[in-house]
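Notes for the structure review
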There are 2 protein chains.
Amino acid sequence: MNLVNGIEGGRIDPADRGLAYGDGVFRTLRLRNGKALLWPRQYAKLAADCFALDITCPGIAALEYDIEKITAVHTDGVVRITLTRGVAPRGYAIPGVANTTRIVGWSGEPPVRSDAHGIRARWCNLRLSRQPALAGIKHLNRLENVIARSEWNDSAIAEGLLLDSEGLVIGGTMSNLILMRAGELVTPALDACGVAGITRELIVERARCENMPVRIAPVATGDVRSADAVFLLNSVIGIRQIATLDDLNWKMHPVADQLRGWINYAENL
Amino acid sequence: MNLVNGIEGGRIDPADRGLAYGDGVFRTLRLRNGKALLWPRQYAKLAADCFALDITCPGIAALEYDIEKITAVHTDGVVRITLTRGVAPRGYAIPGVANTTRIVGWSGEPPVRSDAHGIRARWCNLRLSRQPALAGIKHLNRLENVIARSEWNDSAIAEGLLLDSEGLVIGGTMSNLILMRAGELVTPALDACGVAGITRELIVERARCENMPVRIAPVATGDVRSADAVFLLNSVIGIRQIATLDDLNWKMHPVADQLRGWINYAENL
C-alpha cells in the first residue's frame, strides 16, 4: 500500500528529482497496534533532514493524515516515508518553485529474529566515503548501502559493519552501532558519514538522563573487538546484540534489556 | 515527453529502487535532426555503468525503439535515459529477480551560450567525497552535484569547478574538464570520484590517434591556474573554454576548434 501526496495507488512522475538525483530524504518506522512508534521524534528528524537539504517539509498533519489512511487498513508493520524535492525540469540547479513529493508506503513486518542469543554480523569490504555535507542525513543517495549489503547472501548473517575510508567504524548497512566498553556506552561520531538514527539518539539522551556514561566519538575496529557488548539498532529491528562477528564471539550482556526498556518506554509514551 | 518501459506518459512505481535508493544509472544525450548523437558510445557507457552496479541493461534495440518514438515528435533537443534496478520490496539487499525500469525522456534545447568569448566559471566550496566503488559511474546518487550547483545563482556563471576531499580538481558540477598545459592535454583521473563522460573519452582517444600528447592524471588547482586553456565538456554543451574563473582570465585558444572538430566528426559518422 502506497500513498503519493495522499493518493492511494499514486505513482511518481519520471521527472521527480527524487528519482533523477536521489534528491530527497526518508524514514522507516514501525506501526504497532495502529500507532506509529516514536512519531514525534521521527517527524522531527524528517524535518531536520529536509532543512539540511533545503527541501520544504510537509506539515506534521499531512503526514499524520497519510498514516491514518494506512492504519485504517494495517495496524502493524513498517511505514516508509519518502520526501523528495519534487518534479522539476532537467538540471542540478534547485528550482525556484518545487512542490515536495510525499510518499508514504506500508509493508509487512520484517521476519522476526530471536533476541535471545544475539545476531551474527560480518565486516564489509566497502569503505564509506566521507562527505561532511551529507553526513547524518537519511537521504536517498544510498548506493553505498546497496553495494555493502550485496557483499553477502547468507541469511544467517543479519548485518554487515562498515568502516569509512579512514578505517573508522561507522555502523551497519541499515543500523547504528553502540558499544558497551570499559563501563560506558560509545557510539560512532557521524560527522563525516553514516545516518544518525533516532533509536541511537534516544539511547544517548536517556543514558545522559540516567547518568550512565555515554560518549559520541570516533570508534576504531579495536574498540569493537575489545567491547563488552556490541549493539546494532534501528527503528525496525530495535536493539540487537551481536553474538558473532567473523572470528569474535560475545555472551549476552545485561545492559541490552536496560536499553530495550528505554526504547519500549519511549514507544509507549 | 517521457516513456517508461516504452509507454508514453508512463509513471514510476513508488517502490522503484531508483527512487528509494538512487539505485540506477543515467545518460543525457543530444538529438539533432532526428539523430541521437554518439549513440553507440552512449549505449556502451550505459551498459558499462549497469554492469558496474550489476543492473541488467536493456538491449540496444529497446532503447532505440524508445528514441524513435521521441524523434517521431521531436527531432532536436536533449534525451535523458535512466535505468533503475526496478521495483522491489523494502531493503538494501538486491532482489533475486528485478526488471530494470527504463525511462527515456525528452526536453528542449538548453539555452545557447556563444562559444566566441568563452564562459565564466567559479570554484565550488563543496568537496567531493572519494568512493572508488562508484567513481566514474553516472549513477543516480547526485546530491553532491545538487549541493554544489546550489552555491551560485548568477546566471552569468555557467559552471562550478569541484575539488575532491584531498584538494584534487575533478571537474564541473555537470561537465568534465580538460586542460591544455605545457603542450599537452590533461584531464583529471576519475578513479576516486567524478563521472567519466563520453565527450572526454572521445577527446582522449582521438588525441592518442593524432599523436597529440594527452594524459589522464591527478590535477591540482595550480595546474588549472597555470594552464594555457581550460575546457569544460559534456554531451549537451559540447566543448566550452573557460574565459573567466574567479580572478583568472584566459584568451581563446586555437586548440578549441580542433577539439570541436573531433567531436563534430564523430557526431556525424
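All values reported here derive from a predicted model rather than from experimental measurement.

Rules and cut-offs
- Residues numbered from 1 in each chain as written.
- Chains lettered and ligands numbered in written order.
- Predicted model: local features only at pLDDT ≥ 70, side-chain atom pairs only at ≥ 80, totals over all residues.
- Heavy atoms only, no water.
- Helix = DSSP H or I, 4+ residues; strand = E, 2+ residues; numbered from the N terminus.
- Rg over C-alpha atoms; globule rule 2.2 N^0.38 Å.
- Buried < 20%, exposed > 50% of the residue type's maximum accessible area, 1.4 Å probe, protein only.
- Contact = heavy atoms within 4.5 Å.
- Areas by Shrake-Rupley, 256 points an atom, 1.4 Å probe, with all protein chains shown as cover.
- Salt bridge = Lys/Arg side-chain N within 4 Å of Asp/Glu carboxyl O.
- Pairing = 2+ DSSP bridges.
- Axes fitted to C-alpha atoms, helices over the stretch in contact; angles between N-to-C directions.
- Least-squares fit on C-alpha atoms with pLDDT ≥ 70 in both.
- Polar contact = N/O pair within 3.5 Å; in protein donor to acceptor, adjacent residues only side chain to side chain.
- Buried area = accessible area lost by both parts, 1.4 Å probe.
- Parallel < 35°, antiparallel > 145°, perpendicular 65-115°, else oblique.
- Nonpolar A, V, L, I, M, F, W, Y, C, P; charged D, E, K, R; others polar.
- Phe/Tyr/Trp six-rings, centres within 6.5 Å; stacked < 30°, edge-to-face > 60°.
- Lys NZ or Arg CZ within 6 Å of the ring centre and 35° of its normal.

So, the overall build of chain A
When you go through chain A residue by residue, the secondary structure sums to seven helices and 15 strands. By the compact-globule yardstick of 18 Å for 269 residues, chain A fits well, its C-alpha radius of gyration being 19 Å. The principal-axis extent of the C-alpha atoms belonging to chain A is close to 50 × 40 × 40 Å. Per-residue burial over chain A gives 57% buried out of 269 residues. For chain A, the share of sequence-separated contacts (at least 6 apart) that also reach a separation of at least 24 residues comes to 71%. As displayed, chain A offers around 11000 Å² of accessible surface, 52% of which is attributable to carbon and sulfur atoms.

Here we look at the pattern of salt bridges
Residues and elements named next belong to chain A. One pass over the full model with this rule turns up 36 salt bridges over all chains. With a shortest N-O distance of 3.5 Å, arginine 130 and glutamate 166 are connected by a salt bridge. Of this pair, arginine 130 sits in the loop between strand S7 (119–128) and helix H4 (143–149) while glutamate 166 sits in the loop between strand S8 (157–164) and strand S9 (169–172); the two residues are 36 residues apart in sequence, bridging distant segments of the chain. Judged by relative accessible area, glutamate 166 falls into the exposed class, the value being 58%. Overlapping salt bridges, with partners in common, bring together Arg17, Asp23 and Arg85 in one network.

Some points on the sheet that holds strand S3 (residues 24–32) of chain B
All names here are of chain B. Read across the open sheet, the six strands follow the order S2-S1-S6-S5-S3-S4; overall the sheet is antiparallel. The outermost strands of the open sheet, each flanked by one partner alone, are strand S2 (7–8) and strand S4 (35–36). Of the pairings in the sheet, the one linking strand S1 (residues 2–4) to S2 comprises two bridges and is antiparallel in character. Bridging across to S2, valine 4 finds its partner in isoleucine 7. Across the sheet, helix H2 (residues 39–53) touches S3, S4 and strand S5 (77–84), and the angle it forms with S3 is around 175 degrees. The sheet contacts of helix H3 (residues 60–71) involve S1, S3, S4, S5 and strand S6 (101–107), and relative to S6 the element is tilted by about 25 degrees.

Some words on the relation of the copies chain A and chain B
With an RMSD of 0.0 Å, the fit of chain A onto chain B corresponds to turning through 180 degrees and sliding 0.0 Å along the axis. Within this description, the copies of the chain are treated as partners about a two-fold rotation axis.

A closer look at the pairing of strand S10 (residues 176–181) of chain B
Residue and element names in this part refer to chain B. Burial runs high along S10: five of the six residues are buried. In terms of strand pairing, S10 meets strand S13 (residues 229–234) through five bridges, oriented antiparallel. Bridge assignment links asparagine 176 to a residue of S13, and that residue is leucine 233. Looking at chain direction, S10 and strand S11 (residues 184–188) are connected through three bridges and run antiparallel. Residue pairing across strands places methionine 180 opposite leucine 185, the latter belonging to S11. Counting the residues that bridge the hairpin from S10 to S11 gives two residues, and of these alanine 182 lies at a positive phi of roughly 50 degrees.

Topic: the pairing of S9 of chain A
All names here are of chain A. Inspection of the sheet shows S8 paired to S9 by three bridges, in the antiparallel sense. Paired with leucine 163 across the bridge in S9 is valine 169. Connecting S8 to the antiparallel partner S9 that follows it, the hairpin turn spans four residues, and glycine 167 within it adopts a positive phi of roughly 90 degrees.

Some details on the environment of aspartate 154 of chain A
Mapped onto the elements, aspartate 154 of chain A comes out in the loop between H4 and S8. For aspartate 154 of chain A, the side chain forms a polar contact with the main-chain nitrogen of alanine 156 of chain A, separated by 2.8 Å.

Quick notes on the interface of chain A and chain B
With 49 residues of chain A in contact, the opposing surface of chain B contributes 49 residues. Buried area between chain A and chain B, both sides added, is near 4000 Å², and the carbon and sulfur share of it is 65%. Here aspartate 13 of chain B and arginine 11 of chain A are joined by a salt bridge, their closest N and O atoms 3.6 Å apart. Our enumeration of links across chain A and chain B arrives at 18 residue pairs in polar contact (both at pLDDT 80 or more).

Here's the deal with the packing of helix H5 (residues 198–209) of chain A against helix H7 (residues 255–267) of chain A
Residues and elements named next belong to chain A. The geometry of H5 relative to H7 is characterised by a closest axis approach of 10 Å and an angle of 105 degrees between their N-to-C directions. By the angle between their directions, the pair H5 and H7 is classed as roughly perpendicular. Here H5 contributes Thr199, Leu202, Ile203, Arg206 and Ala207 to the contact with H7, which in turn contributes Leu259, Trp262, Ile263, Tyr265 and Ala266. When the residues that make up the contact of H5 with H7 are grouped by side-chain class, the tally is eight nonpolar, one polar and one charged.

Focus: the packing of aromatic side chains
Scanning all chains against the criterion turns up six aromatic pairs over all chains. Between the aromatic rings of tryptophan 39 of chain A and tyrosine 43 of chain A, the centroid separation amounts to 5.9 Å while the plane-to-plane angle is 50 degrees, which identifies the pairing as tilted. Taken as a pair, tryptophan 39 of chain A and tyrosine 43 of chain A lie in helix H2 (residues 39–53) at a separation of four residues, close to a single helical turn. Per residue, the accessibility class of tryptophan 39 of chain A equals that of tyrosine 43 of chain A, and both read buried. Arranged with centres 4.8 Å apart and planes meeting at 50 degrees, the rings of tyrosine 21 of chain B and tyrosine 92 of chain B form a pair that is tilted. Of this pair, tyrosine 21 of chain B sits in helix H1 (residues 17–21) while tyrosine 92 of chain B sits in the loop between S5 and S6, and the two are 71 residues apart along the sequence. An aromatic cluster is built from Tyr21 and Tyr92 of chain A together with Phe26 of chain B, whose rings are joined through pairwise contacts. Positioned above the aromatic ring of tryptophan 152 of chain A, the side-chain terminus of arginine 149 of chain A is 4.1 Å from the ring centre. Residue placement shows arginine 80 of chain B over the ring face of phenylalanine 26 of chain B; its charged tip is 3.8 Å from the ring centre.

Function cannot be read off these values alone, since they describe shape.
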